[in-house]
Amino acid sequence: MAIALPHQARAADTSEGALYAVNAAALAAAITHCTARHGELQQGSPGAACFVRARGILGTFGLKQRSTEVAARCKDPAQFNTCLTPEIARMTHALNQEFAKSGI
């Protein structure tokens with residue numbers, strides 16, 4: 001049994017979903033990048049040092065603004081996941097370029 005939600009509630013759901021997805025993908029990109037280049041992220045390891053620097057990059061990458069833009073482009077809840085995938089792929093690609101440019 002489906003329950004119809006008011007338009008405003010559905011819009012909030014996609015905004016929250018976009019914020020969660022963008023932040024989770026950004027952290028995953030940082031973890032993956034640092035692990036691939038430096039090994040596991042164990043305390044005191046080169047991988048952990050890379051992750052600290054990568055998190056600094058995430059702090060300047062405008063993730064909140066990106067999530068707002070994604071939510072605006074992916075506002076139809078029925079198509080949210082389909083719309084979200086290429087958005088996250090583009091963001092991840094851009095993050096990987098930033099990581100490479102910073103030399104981490």
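The coordinates are above.
Residues numbered from 1 in each chain as written. Predicted model: local features only at pLDDT ≥ 70, side-chain atom pairs only at ≥ 80, totals over all residues. Heavy atoms only, no water.

(A) Seen up close, helix H4 (residues 80–102). With 23 residues, H4 extends 32 Å between its outermost C-alpha atoms, agreeing within 8% with the 33 Å of an ideal straight helix rising 1.5 Å per residue. Those residues of H4 that sit buried are Phe80, Leu84, Glu87, Ile88, Met91, Leu95 and Phe99. A positive phi of about 80° marks Gly103, the residue just after H4. (Helix = DSSP H or I, 4+ residues; strand = E, 2+ residues; numbered from the N terminus. Expected span 1.5 Å × (residues − 1). Buried < 20%, exposed > 50% of the residue type's maximum accessible area, 1.4 Å probe, protein only.)

(B) Structural view of the packing of helix H2 (residues 46–60) against H4. Running from N to C, H2 and H4 point in directions that differ by 125°, and their axes come no closer than 11 Å. Considering their axes alone, H2 and H4 lie oblique with respect to each other. Note that H2 runs across H4; the crossing there is right-handed. Between H2 and H4, the residues in contact are Arg53, Ala54, Ile57 and Leu58 and Leu95, Glu98, Phe99 and Ser102, respectively. (Axes fitted to C-alpha atoms, helices over the stretch in contact; angles between N-to-C directions. Parallel < 35°, antiparallel > 145°, perpendicular 65-115°, else oblique. Left-handed = near helix turned anticlockwise from the far one by under 90°. Contact = heavy atoms within 4.5 Å.)

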